[in-house]
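What follows is the residue order along each chain.
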Amino acid sequence: MVEVSTPVRWLLRAVAIGYVFFLVAWPVSLVAVRTFEDGTSTFLHIFSDEQTVAALQLTVMVALWAVIINLVFGVTISILLVRYQFPGKRVLSALIDLPLSVSPVVVGLALLLVYSGRTGWIGPSIEEAGWQVIYDSPGMIMATCFVALPLVIREVVPVLTEIGDDQEQAARSLGASARQTFLRITLPSIKWAVIYGVVLSLARSLGEFGAVKIVSGNVTGRTQTATLIVEARYQNFEQGTAYAVAFLLAFISIACLIVVAFLRPSHES
Amino acid sequence: MSIDVHHVTKRFGDFVALDDVTVSLPTGQLTALLGPSGGGKSTLLRIIAGLDTADSGTISIEGTDATRLPAQKRNVGFVFQHYAVFKHMTVAKNVAFGLEIRRRPKAEVVARVDELLKLVHLSQFAHRLPSQLSGGQRQRMALARALAVEPSVLLLDEPFGALDAKVRKELREWLRRLHDEVNVTTVFVTHDQEEALEVADEIVVINEGRVEQVGTPDQLYDEPANDFVMSFLGDVTSLGGSSLRPHDIEISTSPVLAGGVEGEVSRLLRIGFEVRANVLTIDGEEVTVVLTRAHARAIGVEEGSTVWLTPAVGAAVVPRMKAVV
C-alpha cells in the first residue's frame, strides 16, 4: 500500500466521516431524537392507533411476500446466469439492473399500465376472473418485488462465479442428483450471500414508497403501508406519529444489517 | 476391456477437441492419457466421466453402455486438478459424501471413512476443514473421497498439476503404490511425459484430438509410432533424415564406422555430468549429440573439431516425416 502522510490521512478520514455524518447519521438520529422527545409515549402510542397498526401489518406482509418471491427467483436466476449459456443472457442481466436505475414511480405507473382493472393491458381480464391486482395487495407485492429484484441476484452472482462449478461436478460424479447437489453443495456455499441479499431486500421492501403509493391507491386502513402513513400523518400535522413510524422503519432496517454483520463469519467476505 | 471409447468426436464451436477417437483402456491397470495442453485428453476423460457429452460415438464402462448415462449413475470416481474440495465440510464429511448420498448405514460410513483416511494418511486431519490442509493433502483427501464409493474406474484430471515439483514427485510415487494396493482401474491425464513414463502401465498419447499411439512406456520410448510421439517423450535430433535421441548417437574423431556422417562441432555445452555438442554436418544438418563428460574428454572433442556421427546400435530411429513440433 502507498504510504500517505499523517495530515493527509487525517484529512481523508475527516472528509469521509463528515460526509456520512451530515448526510446519513445526523438526519437519521434526529428522527430518533424527535420520536423520543417526550419520552416513550409518542412511540408507544403508534401501537394503540388502529390505522398505524394495520399499516405496519400490511407492510410486514407485503415485505415478507416480496422477499420470499425474490429469494426463490433470485437464486434461480443467479444460477441460470452463472452456470448456463443461452441466447439473450446479457439482455436478461441488463434487465435485472433496471430497477436500480428506474425511479419507483415509473415502476408503479408501468404496472398500472399492464394490470389496472379499468385501463390496463390484461388487468380487466384478470379482474373479471375475480382477482384484484391494482389497489390491492397483489399489486403492492409486485411493485415491491420489482424494486427489490436485483438485490439477491447481485449478492449471489459474484459468489457463484467465484466458487466455480468444480464442487458441483465433484458431487455429481459422487452420485448426487441435481437436487442433492443444490441442497448439499451449492446452497451452503452461497449461504451468506443469500442471507445478505435477503436482508437487503427486506430493508428495501419495508421502506418502499413510490411504486407502492401508485399501485396501492393509498386507502387508509386497507392499502396504506407504513411509509405511506408516515407521509399522510406528516401532512396531517401529526408529526409525532410520523417520526415514530419512521423511526421504527429505520430501526428495523439497521437492526437487520447489524445482526447479519455480526453473524457473518469474518473469514468469509 | 474396462473402458471402451468408440468413434468419439467432440467439437467446441469450430474447434475439434476429439476427432473420431477409438481406444480401449484395460481393466485393473494404471493408464496415462499423455499429450500437450489443448490436445483433447482432458475432454476425453470428462466424457468418460459423463461431465461432458460427446457429439457422436459411444462409451462403455465395464461392458455397459454409458453413453447416455448421467455422471451420477456411472459409478466413476473423478479427481480434479484443483481438488474441488467441499469447502464447507470437514475432511471426514468430504470423504463420507458419496456414501451418505447412497444412504449407507451410519456405522458403515464411519468405518469406511476411517479406513480411507488411513489409506491416504490423513487420519489425524479428519475433523479439520480443507482450508487447513496443504495442496498435496487436499488432493489425497479428494482421492479418498473418490475411492469411497468403490468406483469401477478412477479418473484423475492432471491430479498433480497444481502442486509444486517436490510434492508432485512424492504424490506420483504414492499414487503408484496406492494403485497396487487398491487395484481399481485408473486413468489419469498428464502433460508431463516423465510422470507418465514413471507411473503408468500403459500410455495413450493424444494430440490434436487424435490418438497417436497406445503402448507401454517401453514400447513408446523404444518404438515410437511417429515423430510426434518421439519428440513428446524426450529430446529428439535428426541425423541423415531420421529422428533419434541425442544420446543414441555415436561420435568419433575419425571415420572408423561405416556410414558415418562427417561434420564440425559448432558448439560444446557442458551441463554437469553431460556434454551437449552441436554438430553441423557437411550436408548442412544441425545435429545435437549428448555424451558424458568422461567420454567427451576421452575422445577429445572440442569446438571446431571434425567428427563422424553414426546412430548407436539399438537406437530408436524414426524416419522423419514432418517438422518436429
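This one's a predicted model, so the numbers in the text were calculated from it and none came from an experiment.

S.K.: Tell me what's going on with the overall build of chain B, and back it up with residues and numbers.
M.R.: Secondary structure summary: chain B contains nine helices and 18 strands in total. C-alpha atoms of chain B, sized along the principal axes, occupy 80 × 45 × 30 Å. Here chain B holds 325 residues, and 42% of them are scored as buried.

S.K.: Can you explain the confidence of the model for chain A? Please cite residues and give values.
M.R.: The pLDDT averaged across chain A works out to 90; a share of 98% of its residues lies at or above 70. Within chain A, the element-level pLDDT minimum falls on helix α6 (residues 123-128) of chain A, averaging 84, and the maximum on helix α3 (residues 50-83) of chain A, averaging 94.

S.K.: How would you summarise the domain arrangement of chain A if you had to cite specific residues and measurements?
M.R.: All names here are of chain A. Structurally, chain A comprises domain 1 (1-35) and domain 2 (39-101 + 139-268). For domain 1 and domain 2, the distance between their C-alpha centres works out to 28 Å. Contact with domain 1, which involves five residues of that partner, is made by seven residues of domain 2.

S.K.: Explain the packing of α3(A) against helix α9 (residues 178-207) of chain A residue by residue, including any values.
M.R.: All names here are of chain A. Running from N to C, α3 and α9 point in directions that differ by 145°, and their axes come no closer than 9 Å. Crossing of α3 against α9: the hand is right-handed. Where α3 abuts α9, its residues T59, V62, A63, A66, V67, N70, L71, G74 and V75 lie against V194, G197, V198, S201, L202, S205 and L206.

S.K.: Run through the interface of chain B and chain A, naming residues and quoting values.
M.R.: It is common to give the size of an interface as the accessible area lost on bringing the parts into contact. Taken together, the contact pairs 18 residues of chain B with 14 residues of chain A. Every element with two or more residues in the side of chain B that touches chain A is listed here: β6 (76-79) and α2 (91-101) of chain B. Counting residues per element, the side of chain B that touches chain A draws most heavily on α2(B), which supplies three residues. Classifying every residue of the side of chain B that touches chain A gives eleven nonpolar, four polar and three charged.

S.K.: Which residues make up the sheet that holds strand β13 (residues 249-252) of chain B, and what values go with them?
M.R.: In a beta sheet, neighbouring strands are held together by backbone hydrogen bonds and run either parallel or antiparallel to one another. Residues and elements named next belong to chain B. Here five strands make up an open sheet; going across it, the order is β13-β17-β14-β15-β16 and the pairing antiparallel. Single-partner strands in this sheet number two, and they are β13 and β16 (286-292). Taking the axes of each pair of neighbouring strands and ignoring which way they run, one obtains an average angle of 45° across the sheet. Where strand β14 (residues 261-271) and strand β15 (residues 274-281) come together, eight bridges link them in antiparallel fashion. Within β15, the position partnered with R267 by the bridge is N278.

S.K.: If you had to explain the packing of helix α4 (residues 135-148) of chain B against helix α5 (residues 165-182) of chain B to someone new, which residues and values would you point to?
M.R.: All names here are of chain B. Closest axis-to-axis distance for the α4/α5 pair is 11 Å, and the angle between their directions is 20°. The angle between α4 and α5 falls in the class roughly parallel. In this structure, α4 meets α5 at a crossing whose hand is right-handed. On the side of α4, the interface is formed by G135, G136, Q139 and L147, while α5 contributes V167, L171 and V182. Partitioned by chemical class, the residues of the contact of α4 with α5 number four nonpolar, three polar and no charged.

Definitions and cut-offs
Residues numbered from 1 in each chain as written. Chains lettered and ligands numbered in written order. Predicted model: local features only at pLDDT ≥ 70, side-chain atom pairs only at ≥ 80, totals over all residues. Helix = DSSP H or I, 4+ residues; strand = E, 2+ residues; numbered from the N terminus. Buried ≥ 20, exposed ≤ 12 C-beta atoms within 10 Å, placed from the backbone. pLDDT = per-residue confidence, 0-100. Domains from an automatic or database assignment. Contact = placed C-beta atoms within 7 Å. Axes fitted to C-alpha atoms, helices over the stretch in contact; angles between N-to-C directions. Left-handed = near helix turned anticlockwise from the far one by under 90°. Nonpolar A, V, L, I, M, F, W, Y, C, P; charged D, E, K, R; others polar. Pairing = 2+ DSSP bridges. Parallel < 35°, antiparallel > 145°, perpendicular 65-115°, else oblique.

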